[in-house]
Amino acid sequence: MTTPEESPRDPSPAADVVALRRSVAAGAVGVFVHWFDWAAYAYLAGTVATVFFPAEDSTTGLLAVFGVFAVSFGIRPVGALVFGPLGDRIGRKRTLSLVIFMMSGATLTIGLLPGYDTIGIAAPVLLVVLRLVQGFAAGGEFGSAASFLAESAPRRRRGFGVSWLEVGSLLGFLAGSFVFLLLSTGLDDTQLTAWGWRIPFLVAAPLGIIGFVIRNKIEDTPEYRALEAGGAVPSSPARELFRSHRRELLQAAGLMAAMHVPFYAVLTYLVTYETDHLGHSADSAALLSTVISLLGLVLVPLFGGLSDRVGRKPVFVGATVALLVLSTPAFWLMRTGLGGTWVAGLLLGVILAAILGTYAVWSAEVFPTRTRQSGLSVAYNITAALFAGTVPYLMTVLISATGSTLVPGPYLMVFAVGGLVAALSLKETAGSALLRPEDVTEDLAEPTTEPSAERV
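Cut-offs used in this document
- Residues numbered from 1 in each chain as written.
- Predicted model: local features only at pLDDT ≥ 70, side-chain atom pairs only at ≥ 80, totals over all residues.
- Heavy atoms only, no water.
- Helix = DSSP H or I, 4+ residues; strand = E, 2+ residues; numbered from the N terminus.
- Contact = heavy atoms within 4.5 Å.
- Areas by Shrake-Rupley, 256 points an atom, 1.4 Å probe, with all protein chains shown as cover.
- Buried < 20%, exposed > 50% of the residue type's maximum accessible area, 1.4 Å probe, protein only.
- Polar contact = N/O pair within 3.5 Å; in protein donor to acceptor, adjacent residues only side chain to side chain.
- Core = buried A, V, L, I, M, F, W, Y, C linked by side-chain atoms within 4.5 Å.
- Patch = residues over 30% accessible without salt bridge, like charges linked within 9 Å, V, L, I, M, F, W, Y side chains within 5 Å.
- Salt bridge = Lys/Arg side-chain N within 4 Å of Asp/Glu carboxyl O.
- Phe/Tyr/Trp six-rings, centres within 6.5 Å; stacked < 30°, edge-to-face > 60°.
- Axes fitted to C-alpha atoms, helices over the stretch in contact; angles between N-to-C directions.
- Parallel < 35°, antiparallel > 145°, perpendicular 65-115°, else oblique.
- Nonpolar A, V, L, I, M, F, W, Y, C, P; charged D, E, K, R; others polar.
- pLDDT = per-residue confidence, 0-100.
- Expected span 1.5 Å × (residues − 1).
- Arc of directions from axis to C-beta.

How would you explain the overall build of the protein chain if you had to name every residue and give the values?
Helix and strand content of the protein chain: 20 helices and zero strands. Once local pairs closer than 6 in sequence are excluded, the contacts in the protein chain between residues at least 24 apart make up 85%. Put simply, the protein chain shows about 17,900 Å² of open surface, and 68% of that area lies on carbon and sulfur atoms.

Any chance you could break down the environment of Ser363 for me, citing the residues and the numbers?
Here Ser363 is to be found in helix H17 (residues 359-366). Taking the relative accessible area as the measure of exposure, Ser363 reaches 0% and is therefore buried. Taking the C-alpha atoms as reference, Ser363 lies 8.5 Å from Glu248; in sequence the two are 115 residues apart. A polar contact of 2.7 Å, which involves the side chain of Ser363, links it to the backbone oxygen of Tyr359.

For the nonpolar core, give the residues involved together with the corresponding values.
Side chains that are nonpolar tend, in soluble globular proteins, to be buried together. Grouped together as the largest cluster of nonpolar side chains are 92 residues, with contacts concentrated most on Phe142, Phe263 and Tyr359. Those residues within four positions of Phe142 in sequence are excluded, and the remaining contacts are Ser147, Leu165, Glu166, Met256, Tyr359, Ala360, Leu376 and Tyr380. The next biggest cluster of nonpolar side chains, apart from the first, holds 20 residues, and it includes Leu127, Leu130, Leu187 and Phe201.

Describe the environment of Leu171, naming the residues involved and giving the relevant values.
Within the secondary structure, Leu171 is located in helix H8 (residues 158-186). Sequence separation between Leu171 and Ser293 is 122 residues; the distance between their C-alpha atoms is 8.2 Å.

For a nonpolar patch on the surface, give the residues involved together with the corresponding values.
Nonpolar side chains collect at one region of the surface, where Leu108, Leu112 and Leu202 lie side by side and expose about 250 Å² of accessible area between them. Examined against the element boundaries, Leu108 turns out to sit in helix H5 (residues 92-112).

Kindly report on the packing of aromatic side chains, identifying the contributing residues and their values.
Inspection of the entire model under this criterion finds 19 aromatic pairs. When the centroid spacing of 5.4 Å and the interplanar angle of 55 degrees are considered together, the rings of Trp35 and Phe263 count as tilted. Pair noted here: Trp35 is in helix H1 (residues 13-43) and Phe263 is in helix H13 (residues 246-278), with a separation of 228 residues, a long-range link. Across this residue pair, the class does not change: Trp35 and Phe263 are buried. Arranged with centres 5.9 Å apart and planes meeting at 70 degrees, the rings of Phe316 and Trp362 form a pair that is edge-to-face. Here Phe316, found in helix H15 (residues 312-334), pairs with Trp362, found in helix H17; they are 46 residues apart in sequence, far enough to count as distant.

Any chance you could break down the packing of H13 against H17 for me, citing the residues and the numbers?
Put simply, H13 and H17 touch, their axes get as near as 9 Å, and they point 175 degrees apart. Taken together, the axes of H13 and H17 lie roughly antiparallel to each other. Two secondary-structure elements touch here, H13 through Glu248, Gln251, Ala252, Leu255, Met256 and Met259 and H17 through Tyr359, Trp362, Ser363 and Val366. Its residues placed into classes, the contact of H13 with H17 shows seven nonpolar, two polar and one charged.

Got a sec to walk through the confidence of the model for the protein chain? Specific residues and values, please.
Chain-level statistics for the protein chain give a pLDDT mean of 87 and a share of 89% at 70 or above. Throughout residues 442-456 the model reports pLDDT below 50, and contacts reaching past four residues in sequence, or to other chains, amount to 25 contacts.

Quick one: what's the story with the packing of helix H4 (residues 76-90) against helix H18 (residues 372-388), residue by residue and with numbers?
Relative orientation of the contacting elements H4 and H18 amounts to 170 degrees, with a least axis distance of 7 Å. With respect to each other, H4 and H18 are oriented roughly antiparallel. In this structure, H4 uses Arg76, Pro77, Ala80, Leu81, Phe83, Gly84, Pro85, Gly87 and Asp88 to contact H18, whose residues at the interface are Arg372, Gln373, Ser374, Ser377, Val378, Asn381, Ile382 and Ala385. Here the contact of H4 with H18 is composed, by residue class, of eight nonpolar, six polar and three charged.

Can you lay out the pattern of salt bridges for me, pointing to particular residues and giving the numbers?
Counting across every chain of the model gives ten salt bridges. Three or more residues are tied together by salt bridges with common partners; here these are Asp88, Arg92, Glu151 and Arg372.

Before we move on, can you summarise helix H19 (residues 391-402) with the specific residues and values?
In this model, H19 (twelve residues) spans 16 Å end to end at C-alpha, consistent with the 16 Å of a helix rising 1.5 Å per residue. Within the sequence span of H19, burial applies to Val391, Met395 and Ile399. Angularly, the buried residues of H19 cover 55 degrees about the axis, an arc narrow enough to put them on a single face. Of the residues in H19, the exposed ones pointing more than 90 degrees away from the buried face are Tyr393, Ser400 and Ala401. Positive phi appears at Gly403, one or two residues downstream of H19, with a value of about 75 degrees.

Can you lay out helix H12 (residues 237-244) for me, pointing to particular residues and giving the numbers?
Where H12 is concerned, the buried positions are Pro237, Glu240, Leu241 and Ser244. All buried residues of H12 project into a common sector of 105 degrees when viewed along the axis, lining one side. Next to the buried residues of H12 lie H4, H13 and H18.

Summarise the side chain of Ser374; cite the residues concerned and give the values.
In this fold, Ser374 is placed in helix H18. Among the residues examined, Ser374 registers a relative accessible area of 0% and is labelled buried. Once residues within four sequence positions are removed from consideration, Ser374 is found in contact with Gly84, Pro85, Asp88, Pro237, Ala238 and Leu241.

Lay out the environment of Phe316 in plain terms, naming residues and giving numbers.
Phe316 sits in the buried class, given a relative accessible area of 0%. When the C-alpha atoms of Phe316 and Ala258 are compared, they prove to be 10.0 Å apart, with 58 residues separating the residues in sequence. Beyond its immediate stretch of four places on either side in the chain, Phe316 contacts Leu255, Ala258, Ile355, Thr358, Tyr359, Trp362, Gly419 and Ala423.

This is the structure in structure tokens:
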């Protein structure tokens, strides 16, 4: 059996490249499909409201659509509590295949679902059920994919490999936006309402099938197979996580909250901020959001690779310090005009890319293999439910209450401090072995009284 001090494999450079490509394809395809669906649903909210809710009150229908959107976020922690421990018991590969199958199946069904005019109240009810299925499955996507990528990528390129998880997210978001742009410019309102809105949901289905095939053909990770070979697969990883690894759970949550808030502030809320508070056109705001996303596609893997060379801590700490110092000045600069808005937006985009390039791999390295998927799933989805989806709402409320359009700056600073505290409490993990002594210890009935060598 592989000992904790050894790597489960010692591949040649050529094998490194092959392993990296396979793991990236299998890990990132699911988040691409998820974010493609997320963007399509968000952009088509008005049309979906018309199709699935009574036509008498369009405002009520739109609110209901966004309510369904929020519910799908709220159920993600439930999915995390199911799929996280499940992946630690039965393997990363099986949960990766299961969650993409569920997400794609629900997305396809939405694309085929009759509207309110055809089946009445059953239409919105079924829409809610399907969005709940999507949200439940999405609760298992990040933990499964991040665990798989971290454990499959070559040790010396782990940061670069895991960073492609966020490249998949950005690509999915951009693809969903692009498809909406094509539909909105190529179809009139009648065509969009009659059948055009279904296209993104139907397109997502074959993408999901491709992802399922890719994931179903891969081997499970060397670390998980080492647990299986040694009979050390945990019987109750969730209990083990909350009993023995609460500190790591809080640390990972701090890193993830420092990612979620700037992600939604910069890539989603900033469009509304520009149009509502700065007076810029919707086209200009959307263009800046697109450019920031494209910038992220280039910078995120570069920052991930940089963390392999200089360490996770320097990159992440540098990014959170920059967010702390520059957030409020950036929003002040936006008030000087369109040029200032672009400079500030791109600056925040660079900071966000540095966080995206390091938070996932560092979080994965925080947890032992026995509870890695549980820890990642719970930390990610609870912080997402608490802090991610609430960004636009809270920004609107706080600006209204204070009368200051600088409010987003201090709000970002709060989460920068949280991320910085979490980062400073962690030791450097770049290049470390993921299989630890505690992973292969069979008697874990009692929590350890001394911290492991990987803990602080």
